[in-house]
Amino acid sequence: MSAIDTPGERKIVTFSLGSQMFGIDMKALIEIREWEDPTPLPGVPAYIKGVTNLRGTVVPVVGLAERIGWAPSEVHSRSCILVVNIGGNQCGFLVDEVTDIVLIKAEDIQPAPDVETHENVITGLVQITARAPDGTQGQTGAMVSLLDLNTLSLTRQMDFAA
Amino acid sequence: MSKLILTVDDSASMRMLLKTSLTAQGFRIEGANDGAHGLERMHEVAPDLLITDINMPRMDGFELIEAVRGIPQFRGLPILVLSTEFSDEKKARARVAGATGWITKPFEAAKLGAAIRRVCP
Amino acid sequence: MSQELDEIQAIFFEECAEGLTTAEQGLSAMAAGDVSAEVIAGVFRAVHSIKGGAGAFGHAALTAFSHRFENVLDEVRAGRIAPTPAVTAVMLTAFDILSDHVAAAKGTAPLPDDAAALAALDEVLTGKAAVTPAAPLPAPVAEADEFGFTPVAAVVEEFDPFGFEPVGVVLEELEPAGSADWTVRFGPSRAALANGAEPLLVVRELEGLGGQITGVDADALPGLRDLDPEDSYFIWTLSVPGTVARADIADCFDFVSPDSVVEIERVATEAPAVIAAEPLVAETPPTLASLPPVAPAAVAPATSPAESVRHVEPPAQTIRVELTKLDMLLNLVGELVIRGSILADRLSPADQQRVELPELARLTREIQDNVMSLRAQPIKQAFSRVPRMLRDLSAETGKQVLLETLGEMTEVDKGVIEKIGDPLTHMIRNAVDHGIESPAERVAAGKSPEGTIRLSAEQKGARIFVRVADDGRGIDRARVRAKAVEKGIVAADAALSNEEIDQLICAPGFSTAETISNISGRGVGMDVVRSNVEALGGRVEISSVPGQGTTFTMILPLTLAILDGMVVRLAGQRYVLPLAAVVESVKPEPGQVRPMSPTSDVIELRGNYLPVRRLTDVFGFATNGSRAPEDSLVIIVESEAGPVGLMVDTIEDRREVVIKSLDQNLHPIRGLGGATILGDGSIALILDVEALVGGAASTFHPLKGLAA
């Protein structure tokens, strides 16, 4: 794929949490790392698993499933940490499996359904053709929920109790 | 060998602008950040032309020009004043101090070049 | 604009910031009564420089405003307007608007409404006795050339009666283009050869326009014996094609001395050419309607060199360095420190004593100190916004506030300066909003109508104390306590000391302001201040006397990045305790540590009983099989509440660690002063002892000699 963006197209990284697929803008992705137990932090919400060393920078690790209100992910051999850049700050998200890097057209993005959560972390939905596990181009379509990383940012002012 | 111009101005950004403009026109540039510094540099680099601002700390442009003219080696040196001021008093004072010419800021690159060629053989 | 120009413009904006600081200081000094020539000249130069650069980069609004401001300053500088308090007040207001214009030019703020300030400036100008109207700006031309310069038609200069430039442009409009050739006569005077001018260059320039020398008048040439090499005797006549514009010909004579002979005329005279063959001598030129007459003022003789010798110390040579480069250097030094420690660990005790190792450590330490001091700057920068803030606050609240500053030259790490800006702003706003009373209230209380805020910075040992003290009404403790109870922060029947009530102001979610005033901003309060300060590794102290005033003190560490620490292990994790807080470590004998209550222990040490906290409890970690005290270590640390013991599993070693901030990618966490990356790449959290054992977390006080 070309390195230059054609207007109207975006590259997204898709990954799975449980049975659902999500995607984030490729531009925000810094690195994909294997899961490593992070150093736990005191006095933080349960979804902040701790911090990890990313080449000399201390980066928080978030259990994404918990963060969006689901049951915590179980860590297994394909679990990864997606290290992303949110507005200049770095953060790692625990996901079940990274699937693919896909090129989508902006016009194919459907608006997110009205959900009653207090903050909408999903900016839109898009249909993609998922690759079959054996690498061949599958015919199965998949619905990918695009995440709004800004709503997941940890550096917004948080109320903490000692 | 291209001409060497000494630019004296207490604003670094202004000196950099001048340098960009003038090196593009083929000149070599040295800089100083006020009158006193400028005087030192005159001895060090012996430029073909001196371009100086007026309002500077420690030693202003007028004093610099007078001091330069007092040095036999530089009696015939072309000196241009480059300043945002343009009052007649100031210009007259510059002439009396020994300036060859006066250019008002902001300046057009081409006009600056023409002015330089007008005074610098 | 090209990237190069962007960089140059960035430097210009830095210079603007410095200029604004200088100007503000000067104006404040003038307001306080110091109207010496140096001070005024400093303010003038600052505004003048801003104007110059603004013009060069095409910021029209900023140029226009600073020009008007500069006019007034010029008059004050020249003594034609007296710097009365009223005038100074107008200039201070103009200064505030100038700052806003600079911000607008940078794109960080909208354009200010400067009408009122301009009107005030005009009043000052027209109010003075000798009326010299503000000289108008050269008319800016709309488009910039490739370098981004707004070109100024050189023709504007041609109204100079002193002959630097001849009058040509007025005539041009009367003459049809493309008519007969020009005849140009040029006879440079003696003066034309002075000042390094070379008349032949003018001739060459005319030739460049297509001109040709058609004759030379050498009548004035004397015999060789009488020839003065510094005089000029020739008059050249040139013919220049009629297609050349008169202005272009006139331009060539831009710098020619006024008493030279310069004649430009058309050969054939069919056109009106009313003003055709006029020798251009120093004369008041006809002016266009839009320009007021500029009377040539008497030219003051240039000051003789002897008079202008001043005793000035050469300024310290400085060099601009990008902060990121310093940060990288600091990082590298930090890594050096760590590697040095690890290296030392690998050596046998005997080798560790050899002179090379302490020498290496000493050198590393020196480099570290030097690099740290590179980042150290006077805290004055952090205080610079305060005067303007107070002026705005005074205007909005109607309260009058005087500002005293002390210790502005105290040097602190640049990182501190950047981060205390916001906390300082909050504290000042709080002081004016809640602390200082209205003039009427103050007078009724027997105080002066103006309140005073004292802003001070002091270094004591390894810490910096930054204080905001007001002489206002003090903290209304009853109200604070009631509010805290209402918000559920404390129980209704809790017994709280005065200091504890004061600290409630910093509790999360606390704010007594019923209306979040426009001034106090987004409604974030002292809790954000405290967390910001703690993120820097510091803390906030409050002391208040009802009716007399309140003092907020920020205590900050002097150096931010490197910490002398003790690495300890607890429940499988490693933590770092700042060595400065550690008093001693104790391996408890059986029975030396006893439970005091279900939730706290006590250690008996040389007759005193000190409280002991288990870090796992403090952090709220699940304690799966807490170790018996005899298998642990108790580290005695110093805190505001007195010495306290911290129970850990083991001590690993003592080493210097590089502090990595947690709030870069996360947020400040109470109890942690950051994190560090150990030699093996793992992360150890750095503990903030004070936050862990002091404050509301502990209500235990050490008891002496309690009989068993």
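Everything numeric in this text was worked out from a predicted model, so none of it was measured. (Residues numbered from 1 in each chain as written. Chains lettered and ligands numbered in written order. Predicted model: local features only at pLDDT ≥ 70, side-chain atom pairs only at ≥ 80, totals over all residues. Heavy atoms only, no water.)

### Details of the overall build of chain A
When its secondary structure is counted, chain A shows 1 helix and 11 strands. Its helices and strands in sequence order give chain A the pattern β-β-β-β-β-α-β-β-β-β-β-β, from N to C terminus. For chain A, the proportion of its 162 residues judged to be buried stands at 45%. Sequence separation of at least 24 residues holds for 54% of the intrachain contacts in chain A that already meet a minimum separation of 6. (Helix = DSSP H or I, 4+ residues; strand = E, 2+ residues; numbered from the N terminus. Buried < 20%, exposed > 50% of the residue type's maximum accessible area, 1.4 Å probe, protein only. Contact = heavy atoms within 4.5 Å.)

### Concerning the overall build of chain C
Per the secondary structure count, chain C includes 20 helices and 23 strands. Looking at chain C residue by residue over its 708 residues, the buried ones come to 44%. A sequence separation of at least 24 residues applies to 67% of the contacts in chain C between residues at least 6 apart. As displayed, chain C has an accessible area near 34,800 Å², and 56% of this comes from carbon and sulfur atoms. (Areas by Shrake-Rupley, 256 points an atom, 1.4 Å probe, with all protein chains shown as cover.)

### Remarks on the packing of aromatic side chains
Evaluation of the coordinates by the stated rule reveals 8 aromatic pairs over all chains. Judged by centre distance (6.1 Å) and plane angle (20°), the rings of Phe-15 of chain A and Phe-22 of chain A are stacked. Across the pair, exposure class does not vary: Phe-15 of chain A and Phe-22 of chain A are buried alike. Across from the ring centre of Tyr-47 of chain A, 5.0 Å away, lies the NZ or CZ of Arg-67 of chain A, which sits over that ring. Here the basic side chain of Arg-77 of chain C rests over the ring of Phe-44 of chain C, its NZ or CZ set 3.6 Å away from the ring centre. (Phe/Tyr/Trp six-rings, centres within 6.5 Å; stacked < 30°, edge-to-face > 60°. Lys NZ or Arg CZ within 6 Å of the ring centre and 35° of its normal.)

### Quick notes on the packing of helix α1 (residues 12-24) of chain B against helix α1 (residues 3-31) of chain C
Between α1 of chain B and α1 of chain C, the least distance of the axes is 8 Å, while the angle of their chain directions is 160°. With respect to each other, α1 of chain B and α1 of chain C are oriented roughly antiparallel. Crossing of α1 of chain B against α1 of chain C: the hand is left-handed. Contact residues: α1 of chain B offers Ala-12, Ser-13, Met-16, Leu-17 and Thr-20 of chain B, while α1 of chain C offers Glu-4, Leu-5, Ile-8, Ile-11, Phe-12 and Glu-15 of chain C. (Axes fitted to C-alpha atoms, helices over the stretch in contact; angles between N-to-C directions. Parallel < 35°, antiparallel > 145°, perpendicular 65-115°, else oblique. Left-handed = near helix turned anticlockwise from the far one by under 90°.)

### Quick word on the nonpolar core
Among the nonpolar cores identified, the biggest contains 55 residues, and Phe-15, Leu-41 and Phe-93 of chain A together with Leu-577 of chain C are the most heavily contacted of them. Sort the elements by how many residues they give to this core and strand β6 (residues 80-86) of chain A lands first, with 4 residues. For Leu-577 of chain C, the contacting residues outside a window of four places in its chain are Asp-564, Gly-565, Met-566, Val-568, Val-582, Ile-635, Leu-646, Leu-687 and Val-689 of chain C. By size, the runner-up hydrophobic cluster in this structure holds 43 residues, among which are Phe-13, Phe-57, Leu-73 and Ala-117 of chain C. (Core = buried A, V, L, I, M, F, W, Y, C linked by side-chain atoms within 4.5 Å.)

### What to know about the sheet that holds strand β3 (residues 49-52) of chain B
Residue and element names in this part refer to chain B. Spatially, 5 strands are ordered β2-β1-β3-β4-β5 in an open sheet, and the strand pairing comes out parallel. Looking at strand neighbours, the two that pair on one side only are β2 (28-32) and β5 (101-104), the edges of this open sheet. With strand direction ignored, the average angle separating the axes of adjacent strands in the sheet is 25°. One ladder, built from 3 bridges, connects β3 with strand β4 (residues 79-83); its direction is parallel. Paired with Thr-52 across the bridge in β4 is Val-81. (Pairing = 2+ DSSP bridges.)

### Brief notes about the sheet that holds strand β7 (residues 89-95) of chain A
All names here are of chain A. The mixed open sheet is built from 5 strands, whose spatial order is β3-β6-β7-β5-β4. Strands with a single pairing partner mark the edges of an open sheet, and in this sheet they are β3 (29-34) and β4 (48-54). Sheet twist, expressed as the average angle between the axes of neighbouring strands with direction ignored, equals 30°. Examined bridge by bridge, β4 and strand β5 (residues 57-63) share 6 bridges and lie antiparallel to one another. For Val-51, the partnering residue across the bridge sits in β5 and is Pro-60.

### Details of the pattern of salt bridges
All chains considered together, the criterion is met by 34 salt bridges over all chains. Arg-41 of chain B serves as the salt-bridge partner of Glu-30 of chain B, at 2.3 Å between the closest nitrogen and oxygen. A residue pair is termed long-range when its members are at least 10 positions apart, and Glu-30 of chain B in strand β2 and Arg-41 of chain B in helix α2 (residues 35-45) qualify at 11 residues. The exposure class of Glu-30 of chain B is partly exposed, given its relative accessible area of 28%. Note on Arg-41 of chain B: relative accessible area 17%, which makes it buried. Among the salt bridges present, the one from Arg-391 of chain C reaches Asp-96 of chain C, with a minimum N-O distance of 2.7 Å. (Salt bridge = Lys/Arg side-chain N within 4 Å of Asp/Glu carboxyl O.)

### Let's talk about the confidence of the model for chain A
Low pLDDT means the predicted atomic positions in that stretch should not be read closely. All names here are of chain A. Mean pLDDT for chain A: 80, with 80% of residues reaching 70 or above. The element-level mean pLDDT for chain A is lowest in strand β11 (residues 137-147), coming to 76, with β6 highest at 92. Counting interchain partners and residues more than four positions distant, the pLDDT-below-50 stretch residues 157-162 has 10 contacts. (pLDDT = per-residue confidence, 0-100.)

### Description of helix α2 (residues 37-56) of chain C
Because an α-helix packs 3.6 residues into every turn, residues spaced three or four apart end up facing the same way. Here α2 of chain C is 20 residues long and its end C-alpha atoms lie 28 Å apart, about the 28 Å a rise of 1.5 Å per residue gives. Gly-58 of chain C sits one or two positions beyond α2 of chain C and adopts a positive phi of about 80°. (Expected span 1.5 Å × (residues − 1).)

### Topic: the pairing of β5 of chain B
Residues and elements named next belong to chain B. A two-sided burial pattern is seen for β5, the buried positions comprising Gly-101 and Ile-103 on one face and Trp-102 and Thr-104 on the other. Note: β4 against β5, 4 bridges, orientation parallel. Bridged to Leu-82 within β5 is Ile-103. Read as a crossover between parallel neighbours, the route from β4 over helix α4 (residues 88-97) to β5 is right-handed. (Right-handed = clockwise from strand over helix to strand, strands pointing away.)

### Points about the pairing of β7 of chain A
All names here are of chain A. Across the 7 residues of β7, 6 count as buried, placing the element largely inside the fold. Looking at chain direction, β5 and β7 are connected through 3 bridges and run parallel. Paired with Gly-63 across the bridge in β7 is Leu-94. Counting the residues between successive antiparallel strands, the hairpin from β6 to β7 contains 2 residues, one of them, Gly-87, with a positive phi of roughly 55°.

### Brief notes about unusual backbone geometry
At Arg-58 of chain B, a position not held by glycine, the phi torsion is positive, near 65°. Following the sequence through the fold, Arg-58 of chain B ends up in the loop between β3 and α3 (61-69). The residue Arg-606 of chain C is not glycine, and still its phi comes out positive at about 50°. Of note, Arg-606 of chain C is situated in the loop between β16 (600-605) and β17 (608-614). For Arg-606 of chain C, a relative accessible area of 64% corresponds to the exposed category.

### Describing a negative patch on the surface
All names here are of chain C. Negative charge collects at one region of the surface, where Glu-4, Asp-6, Glu-7 and Glu-322 lie side by side. The topology assignment puts Glu-4 in helix α1. Residue classification places Glu-4 among the partly exposed residues on the basis of a relative accessible area of 45%. (Patch = residues over 30% accessible without salt bridge, like charges linked within 9 Å, V, L, I, M, F, W, Y side chains within 5 Å. Lys, Arg positive; Asp, Glu negative; His and termini not counted. Charge placed at Lys NZ, Arg CZ, Asp CG, Glu CD.)

### So, a nonpolar patch on the surface
A surface patch of nonpolar side chains, amounting to about 530 Å² of accessible area, comprises Ile-213, Val-216, Leu-221, Leu-224, Leu-227 and Phe-234 of chain C. Mapped onto the fold, Phe-234 of chain C is located in the loop between β2 (212-217) and β3 (235-240).

### What about the side chain of Thr-410 of chain C?
Residue and element names in this part refer to chain C. With respect to the element layout, Thr-410 can be found in the loop between β6 (401-406) and β7 (411-413). Given the relative accessible area of 14%, Thr-410 is considered buried. Within the structure, Thr-410 has its side chain in polar contact with the backbone oxygen of Ala-457 (distance 3.2 Å). In this structure, Thr-410 is in contact with Gln-377, Pro-378, Ile-379, Ala-457, Glu-458, Gln-459 and Ile-464, ignoring residues within four places of it in sequence. (Polar contact = N/O pair within 3.5 Å; in protein donor to acceptor, adjacent residues only side chain to side chain.)

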